[in-house]
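Observations on the model geometry
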Amino acid sequence: FFFSMSLFPFPNGWGQGKQQRSGKQWASCIASAYVAASAAFSVSALYQSSIPAKFAPNRMLIDHFTGESGEAKSTGENRRLKSKEYSYEEVKRKMISGEPHDFEVFEHFIADHSAYRCYQDSHFTPFNTQVRGVNIGGWMVLEPWITPSMFYQFLGAAEHEAGLDMYTFCEVLGPEEGNKQLRRHWESWVTEEDIRVLAQEMSVDSVRLPVGDWQYKPYGPYIGCTDGANDYVKQLMDWAEKYDVTVLIDIHAMKGSQNGFDNSGQAQGLEWTSVVNTWPMGLTTFLHWPIRSAGWLGVFDKINLTVPEINHDNIQHSLDVIQEIVNLYSSHPAVLGLQPINEPWEFSPIDTLKKFYWDAYLVVKRGAPNWKYIIHDSFRFDVKIWGGFLNGCPERAIDTHIYQAWERPSSRIWFYENACSQKQAIAEMEAAFGPVIVGEWSLATDNCVMWLNGFNDNEVGFPMLPCKFVPCAEPYMGKEQPGTPVDPGKPLQGPYGSGISGPSFGYCPVDRDWMVERSGDNREGTDWMQAPPKANPNQDATDEVMTNLARRKLDAFSGIGHGYYFWNFKTELSEGQWDYMRAVRRKWIPGKGSLLAERIQNACHREDNGGYACVTKPGVNEDFLRIALKGCLKQDDKNQSYIENLNGDELIQEGDTIFNSFWKRHKIGGATCDFGGTATLVLANETDVDDEFLDMDEWSDDRVFAPAEYSNKTIIIILLTGLFGGGLLGFSIAMKTNQGFNVKVRKSLFPDHANDKIFTGRHSLFGGENMPLIPNEGEKQML
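Conventions we followed
The numbers attached to residues start from 1 for each chain and follow its sequence in the written order. Predicted model: local features are reported for residues with pLDDT of at least 70 only, side-chain atom pairs are reported and counted for 80 or more only, and whole-chain, interface and lining totals are derived from all residues. The basis for every side-chain value is the complete set of heavy atoms in the structure, and neither hydrogens nor water enter the calculation. Helical segments are the DSSP runs of H or I of at least four residues, strand segments are the runs of E of at least two, and each set is numbered from the N terminus. A simple rule labels every residue: compare its accessible area, found with a 1.4 Å probe on the protein chains alone, to the largest value its type can have, and call it buried under 20%, exposed over 50%, or partly exposed in between. Here, residues are in contact when the closest pair of their heavy atoms is within 4.5 Å. Per-residue and other accessible areas follow the Shrake-Rupley method at a 1.4 Å probe size, with only the shown protein chains counted as cover for residues. Working convention: axes come from line fits to C-alpha atoms, limited for helices to the stretch in contact. Angles between N-to-C directions cover 0 to 180 degrees. Should an angle lie under 35 degrees it is considered roughly parallel, over 145 roughly antiparallel, and from 65 to 115 roughly perpendicular; all remaining angles are considered oblique. Put simply, Ala, Val, Leu, Ile, Met, Phe, Trp, Tyr, Cys and Pro go in the nonpolar bin, Asp, Glu, Lys and Arg in the charged bin, and everything else, Gly too, in the polar bin. Only strands joined by at least two bridges in the DSSP assignment are considered to pair. What makes a patch is a set of residues exposed beyond 30% relative accessible area and free of salt bridges, joined within 9 Å when like-charged and within 5 Å when nonpolar (Val, Leu, Ile, Met, Phe, Trp, Tyr). Any Lys or Arg side-chain nitrogen found within 4 Å of a carboxyl oxygen on Asp or Glu counts as a salt bridge. A 1.4 Å probe that fits but cannot get out identifies a cavity on a 1 Å grid over protein atoms alone, an open set with protein on both sides within 12 Å along at least five of seven lines counts as a pocket, and a residue lines either if it has an atom within 4 Å of a point. Grid points are joined across faces, edges and corners, and a volume is the space filled by probe spheres set on the points. Cysteine sulfur atoms are paired as a disulfide whenever they come within 2.5 Å of each other. We call two N or O atoms a polar contact when they sit within 3.5 Å, provided that within protein one can donate a hydrogen and the other can accept it, with sequence-adjacent residues counted only if both atoms are side-chain atoms.

Helix and strand content of the protein chain: 22 helices and 17 strands. The proportion of buried residues among the 783 residues of the protein chain is 52%. Taking all contacts inside the protein chain whose residues are at least 6 apart in sequence as the whole, residues at least 24 apart take part in 74%. Accessible surface, the protein chain as shown: approximately 36600 Å² in total, 54% of it carbon and sulfur.

Written as structure tokens, this is what we have:
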């Protein structure tokens, strides 16, 4: 085996040495940079003049609010956009003259309340920050999947006795016990050493800090339960200042829940269903995902998908919370800015949400004029919705969250291409709205990590492939935490949600491993479909796949936009896909000072150059293929009838043409190369097989897995050598350990040399001193 393995070549990369530059070279660099900057400024001006009106920075009317004629729609808050465009000087003259207006003067800009836009003077500060950050999730706002040790105590609980989120955690435990456990958690989950390591060893210059609105205006079960939280927030800000890290305050949870997720503080739309479960008896069950709701903006009408009556009290509560945050932290040097709400769900009335964003922006600018202000896209990253909003307003950006964990299982190539394809959408939003930050992303390509979709729950249909199980982690806050460690003698316990996820016999589900493709073809191989969730060490390709995926995401999110925040800085269970610190330690993400390396900045070179094609999947069922092709043609309003007359190679070739054309036209809108499992991505240029931007100690996905090709003669020699070597080794072991076998072999095969040292010597490979001597014929007669 070892001899055979030694014949397989292992990859070698090549390094890039550092060069010292002379003074003349540095001068040349500076001069070149000046010329390049001047040219970029000129090109930028020309480019801006060529942008369609709906994307132009100085336009306020956008497709979402206007008809073809450019006149504002006449309903709702959209009327506010129907106002005249003014220059900064015209606005000042209008205000000085005493004419009626709807403007408000700030230090470096004038706010136009009628249009949700600003007019800026020459001294305004643009959003010129590009962040490299992580989220400090699961600390102030509990999420069971991040810190499951806080929630093991609720396994086996009855209805209304289980903490499923922050709200029910405090509700079930009460203010005294809840606060006791939370303080222990706050002390141990984030430490000064964590911040130091992130800053000094892991290329992090900013952290996004999720907080709950209850920390600043307590209500309901949070009263008393979360006392002291803001002392820890202040401590983290001080650590951040010490290590030159900025803090983006993210109001992650709002009263009434802005999205129905447990990360909003309260999983909304949950219903206990134990009473209707007559078999098996005694099960405690609940339903959440099929009936999820959100109540921050008002009671949601699930039939019409609207909020008929807006809850203005909740909105005012949120604005009061923002004012309190500004009052507390406006003078702290570590604070980068504020995100007024995290992930308002996709059914939030857009007019109401924009009005809230505008009002919150002004609250921030009145009290903390230098703070950045980052809005979330409400799961609608669409230039038709956000283009022109807050136009001209300084220090604002839009946040979008890009995850692959909820995508359909696919090949590694699909995930690579999908990561790089985000560049175009980010670039379009940068042109239409302004700075874009990817506020949450991870390396997860599956939905496996325990409780990702809620305590003892899962979204319907997830996970789509079997998950790997590992021993559940020891409690990070100490074994005095109730319910820890997990009982290794119990299977999955209730209460049971609409999906399955939870510890069983001391083991917890985590992300799947990636496997080496046996065919050696990472582009078209399909082993990932049947691969077991846990890879054997010699078949484990997880490090290689995660490294290549991380590079592409870093290229996509930092190369075009204004940076990112990885979710999360750490977790109890994830092996790195959701844990930035583990990902760096496993060398998936580079450490300090290496994010600008060429291998990252050019990681998407294939995807950027159209290096992939979407083609028909080999062996696909022809009936399914026809259905998929007709769907593509129908969506593009093209003739479909001829598809029925195609068979075999003709059908496959037509599929290659239609799939690739459709995918390239629509991928910016979210189309993927899947089409119901009938298509797959392949490398379009077969001569481009290596990633030339790798250091010698880094993996190249294409190089690592392609096996060497051997002739039949070489294979036969390897097999015969293995058989001979194995047989010889087995013979030697039998001769040294089995006296009966040893004597019979010596008598029958070596009668004249039966007692030679090769069989009876101290260091013999085929016997030893303990082997009996065999008498010859003369000795036998004497006996």
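What follows covers the packing of helix α19 (residues 712–737) against helix α20 (residues 739–749). Contact pair α19 / α20: the axes reach a minimum separation of 6 Å and the direction vectors enclose 110°. Classified by the angle their axes make, α19 and α20 are roughly perpendicular. For the pair α19 and α20, the contacting residues are Phe-731, Ala-734, Met-735 and Thr-737 in the first and Gln-739, Phe-741, Asn-742 and Val-745 in the second. When grouped by side-chain class, the residues that make up the contact of α19 with α20 number five nonpolar, three polar and no charged.

The strand order across the open sheet built from three strands is β1-β2-β3, with neighbouring strands paired in antiparallel fashion. The open sheet has two edge strands with one neighbour each: β1 (103–105) and β3 (117–120). Geometrically, the sheet is characterised by an average inter-axis angle of 25° between neighbouring strands, direction not taken into account. Two strands pair when backbone bridges link them, and strand β2 (residues 109–112) and β3 are joined in this way by four bridges, in the antiparallel orientation. Looking across to β3, one finds that Ala-111 is bridged to Cys-118. In the packing of helix α8 (residues 350–367) onto the sheet, contacts are made with β1, β2 and β3, and the angle to β2 comes to roughly 155°.

Attention shifts here to a nonpolar patch on the surface. On the surface, Ile-716, Leu-720 and Leu-723 cluster together to form a nonpolar patch covering roughly 330 Å² of accessible area. Within the secondary structure layout, Ile-716 lies in helix α19.

The next subject is empty space enclosed by the protein. Under the counting rule described, the total for this entry stands at five cavities of 30 Å³ or more. Its residues assigned to classes, the lining of the largest cavity shows 11 nonpolar, three polar and five charged.

The final tally for this structure, using the stated rule, is five disulfides. The disulfide bridge from Cys-170 ends at Cys-225, spanning 2.1 Å between sulfur atoms. Measuring the twist about the S-S bond at about -75°, one finds the Cys-170-Cys-225 disulfide to be left-handed. Of this pair, Cys-170 sits in helix α4 (residues 166–189) while Cys-225 sits in the loop between β5 (206–212) and α6 (229–242); the two residues are 55 residues apart in sequence, bridging distant segments of the chain.

What follows is about the side chain of Arg-292. Residue position: Arg-292 is located in the loop between β8 (286–287) and α7 (312–329). Using a relative accessible area of 16% as the deciding quantity, one classes Arg-292 as buried. A polar contact is formed between the side chain of Arg-292 and the backbone oxygen of Asn-259, at a distance of 2.5 Å. When residues no more than four places from it in sequence are discounted, the contact partners of Arg-292 are Asn-259, Gly-260, Phe-261, Gln-268, Gly-269, Lys-302, Trp-345 and Glu-346.

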